[in-house]
Number of protein chains: 2
Amino acid sequence: MSTTSEIKVITKENLRNMDKIFRLNLINSITGYKSANLIGTCSDKRISNLSIISSAIHLGSYPALLGFMLRPASVPRHTYINIKENGFYTINHVHKNFIEKAHYTSAKFEQNISEFEACGLTEEFRGDFYAPFVKESSIKMGMHFLEEYTIKANNTIMIVGEVVSLLLPENILQAEGDIDLNAVDDVCISGLNNYHEVKQIAAFNYSRPGQPLVNNFEKSKND
Amino acid sequence: MSTTSEIKVITKENLRNMDKIFRLNLINSITGYKSANLIGTCSDKRISNLSIISSAIHLGSYPALLGFMLRPASVPRHTYINIKENGFYTINHVHKNFIEKAHYTSAKFEQNISEFEACGLTEEFRGDFYAPFVKESSIKMGMHFLEEYTIKANNTIMIVGEVVSLLLPENILQAEGDIDLNAVDDVCISGLNNYHEVKQIAAFNYSRPGQPLVNNFEKSKND
């Protein structure tokens, strides 16, 4: 399809003069597919907050560090306020069977309303961990806030945290440590509003110069 | 499948004592699906470098800012050096028909070898833009380096850049600005070595409290 189409070149100047909503959708699409996660937090008055993000990012494995982005702090951001108040939050994967509920958390609810209730998802407190997990999510993490960075160019904030607990079904943890995200119907996002299902096509070996790559995923399916 | 399995709880302490490779695969899996992009750069001696990344991240739409992560600068990182030398790089989407070539760029080639040649991909210089694009990629961006942030907790570096040009087939640019990534067989990554194909299931409207969500993707398929 794409090969027979004209190539469109969009310059920085074109972007500057573009309709705002069109540009928002376009630029939110250009990194490719993004993860779908729900951030769970709790205010000091014990009001839960739940917010979908597509910006979770791996920062390191030892210690296990993840980041995510928050928009400028000029408008009230419950997630940000709650994390700064008590230092804890959860990251919960979104699966195909609740994408609508997950997406609905992006509506701007009043501060005294829990998105769990408003969106039909179930909060789950575990032990003395301060922030709520999402019961419907099969892969979830308890996180501890470590650092924040404000990107000078647009005042966006990157939140950096450490994984303090990771919960997942035992049977999706593979022999080498990979998680089989297909098995729990994890979805991915493109742009601001598009959700996608995912199907594995390859599992390569570690790349070394001069050594051919082997696709172990195809191999295991053909065995 | 997952609902009948035992839930495994992995603590920070468990992670500390885990086999290194197992932990690497596990923690690289836990954010969910990730975008697949190739970063193209050029050294001051005009040797091209191409490197697969799964950490491209949207930082803002106006100006159009993207970030990506680089591992600690303690080992030579050609991508990092080239970007710091001349300030320009490209981000090129990975499609299903060249995942093997794209993944192979992660092998540690010598500094005087171009990954384009070593991996069978074609460099494409456009106008006077200093960094090479990937000819095989349908969606590609020319980027200008703006800022870098070093994450204190592990010395990982976040590179922040601005989109100076965006190239894509005209027919995958949708009416509201979204890019149809399915149409060019964009893939996503999980962990370090797993590649997946993607199929859209929903396109929701903007969420507002009290307003039901509409899945326009299903609707358009049923019309």
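Here, every reference points to the structure presented above.
*Asks:* Give me the overall build of chain A: which residues, what numbers.
*Replies:* Broken down by element type, chain A carries six helices and 13 strands. In terms of its C-alpha atoms, chain A occupies a principal-axis envelope of roughly 55 × 50 × 30 Å. Considering chain A as a whole, with its 223 residues, one finds that 59% of them fall into the buried category. Put simply, 57% of the contacts in chain A that link residues at least 6 apart link residues at least 24 apart.

*Asks:* Give me the lowdown on the interface of chain A and chain B, citing residues and values where you can.
*Replies:* Each partner contributes to the interface: chain A provides 112 residues, whereas chain B provides 112 residues. Buried area between chain A and chain B, summed over both chains or domains, comes out near 10,100 Å², and the portion from carbon and sulfur atoms is 62%. A per-residue breakdown of the area chain A buries against chain B is headed by Ile30, Tyr33 and Phe204 of chain A, which together make up 8% of the total. Its salt-bridge partner being Glu162 of chain A, residue Lys12 of chain B comes within 3.7 Å of it at the nearest N-O pair. Taken together, the connections running from chain A to chain B amount to 71 residue pairs in polar contact (both at pLDDT 80 or more). Considered class by class, the residues forming the side of chain A that touches chain B number 56 nonpolar, 36 polar and 20 charged. In terms of strand pairing, strand 11 (residues 157-169) of chain A meets strand 1 (residues 7-11) of chain B through five bridges, oriented antiparallel. Within strand 1 of chain B, the position partnered with Leu168 of chain A by the bridge is Lys8 of chain B.

*Asks:* Hey, could you go over the sheet that holds strand 2 (residues 34-35) of chain A for me, with residue numbers and the actual values?
*Replies:* Judged by pairing direction, the sheet is antiparallel, and its six strands sit side by side in the order 2(A)-12(A)-13(A)-13(B)-12(B)-2(B) without closing on themselves. Bordering the open sheet on either side are strand 2 of chain A together with strand 2 (34-35) of chain B, each of which pairs with just one other strand. Sheet analysis places strand 2 of chain A next to strand 12 (residues 188-190) of chain A, joined by two bridges and oriented antiparallel. Note that in strand 12 of chain A the partner of Ser35 of chain A across the bridge is Cys188 of chain A.

*Asks:* Any chance you could break down the environment of Asn28 of chain B for me, citing the residues and the numbers?
*Replies:* Positionally, Asn28 of chain B belongs in helix 2 (residues 20-29). Between the C-alpha atoms of Asn28 of chain B and His103 of chain B, which are 75 residues apart in sequence, the distance is 15 Å. Apart from the residues within four sequence positions on either side, Asn28 of chain B is in contact with His58 and Ser61 of chain A together with Lys34, Gly191 and Leu192 of chain B.

*Asks:* Before we move on, could you go through the packing of aromatic side chains and cite the residues and values that matter?
*Replies:* Across all of its chains, the model carries 11 aromatic pairs over all chains by this definition. With a centroid separation of 5.6 Å and 40 degrees between ring planes, the pair formed by Phe129 of chain A and Phe133 of chain A is classed as tilted. A single burial state applies to Phe129 of chain A and to Phe133 of chain A, both of which are buried. Here the aromatic residues Phe88, Phe129 and Phe133 of chain A are joined through ring pairs into a cluster of three or more. If you follow Arg46 of chain A out to its NZ or CZ, it ends over the ring of Phe125 of chain A, 5.5 Å from the centre. In this structure, Arg46 of chain B packs its charged tip against the face of Tyr130 of chain B, placed 4.4 Å from the ring centre.

*Asks:* Describe the pattern of salt bridges, with residues and values.
*Replies:* Within the structure shown, the criterion is met by 14 salt bridges over all chains. The network of salt bridges with common partners includes Lys96 and Glu197 of chain A together with Lys199 of chain B.

*Asks:* Tell me about the relation of the copies chain A and chain B, and please be specific about residues and values.
*Replies:* Note on the identical chains: chain A maps onto chain B by a rotation of 180 degrees and an axial translation of 0.0 Å, with an RMSD of 0.0 Å. Such a combination of turn and shift is consistent with a two-fold rotation axis. Looking at the rotation axis and the C-alpha trace of chain A, the residue lying nearest is Val198 of chain A, at 2.3 Å. Looking at the interface residues of chain A, 100% of them are also at the interface in chain B, so both copies use one shared face.

*Asks:* Account for the nonpolar core, naming residues and giving values.
*Replies:* Formed by 70 residues in total, the largest nonpolar core has its most connected members in Leu26 of chain A together with Leu26 of chain B. When residues no more than four places from it in sequence are discounted, the contact partners of Leu26 of chain A are Ile10, Leu15 and Met18 of chain A together with Leu166, Leu173, Gly177, Asp178 and Ile179 of chain B.

*Asks:* Residue-level account of unusual backbone geometry, with values.
*Replies:* Following Tyr62 of chain A, the chain continues to Pro63 of chain A via a peptide bond in cis, the omega torsion being 0 degrees. Assignment of secondary structure puts Pro63 of chain A in the loop between strand 5 (57-61) and strand 6 (64-70). Here Arg46 of chain B, not a glycine, exhibits a phi torsion of approximately 65 degrees, which is positive. Along the chain, the position of Arg46 of chain B falls in the loop between strand 3 (37-42) and strand 4 (48-53). Taking relative accessible area as the criterion, Arg46 of chain B reaches 48% and is therefore assigned partly exposed.

*Asks:* So, the side chain of Glu124 of chain B: which residues are in play, and what are the values?
*Replies:* Residues and elements named next belong to chain B. Take Glu124: it is sitting in strand 8 (residues 123-124). A distance of 2.9 Å separates polar atoms of two side chains, one belonging to Glu124 and the other to Lys140. With residues up to four places along the chain from it excluded, the contact list for Glu124 reads Pro132, Phe133, Val134, Lys135 and Lys140.

*Asks:* Go over helix 2 (residues 20-29) of chain A, please, and point to the residues and values.
*Replies:* Of all 10 residues in helix 2 of chain A, seven are buried, a share of seventy percent or more. Every buried residue belonging to helix 2 of chain A is among Phe22, Arg23, Asn25, Leu26, Ile27, Asn28 and Ser29 of chain A, and all of these are buried.

Definitions and cut-offs
Residues numbered from 1 in each chain as written. Chains lettered and ligands numbered in written order. Predicted model: local features only at pLDDT ≥ 70, side-chain atom pairs only at ≥ 80, totals over all residues. Heavy atoms only, no water. Helix = DSSP H or I, 4+ residues; strand = E, 2+ residues; numbered from the N terminus. Buried < 20%, exposed > 50% of the residue type's maximum accessible area, 1.4 Å probe, protein only. Contact = heavy atoms within 4.5 Å. Buried area = accessible area lost by both parts, 1.4 Å probe. Salt bridge = Lys/Arg side-chain N within 4 Å of Asp/Glu carboxyl O. Polar contact = N/O pair within 3.5 Å; in protein donor to acceptor, adjacent residues only side chain to side chain. Nonpolar A, V, L, I, M, F, W, Y, C, P; charged D, E, K, R; others polar. Pairing = 2+ DSSP bridges. Phe/Tyr/Trp six-rings, centres within 6.5 Å; stacked < 30°, edge-to-face > 60°. Lys NZ or Arg CZ within 6 Å of the ring centre and 35° of its normal. Least-squares fit on C-alpha atoms with pLDDT ≥ 70 in both. Core = buried A, V, L, I, M, F, W, Y, C linked by side-chain atoms within 4.5 Å.

Worth remembering: the numbers are spatial, not functional.
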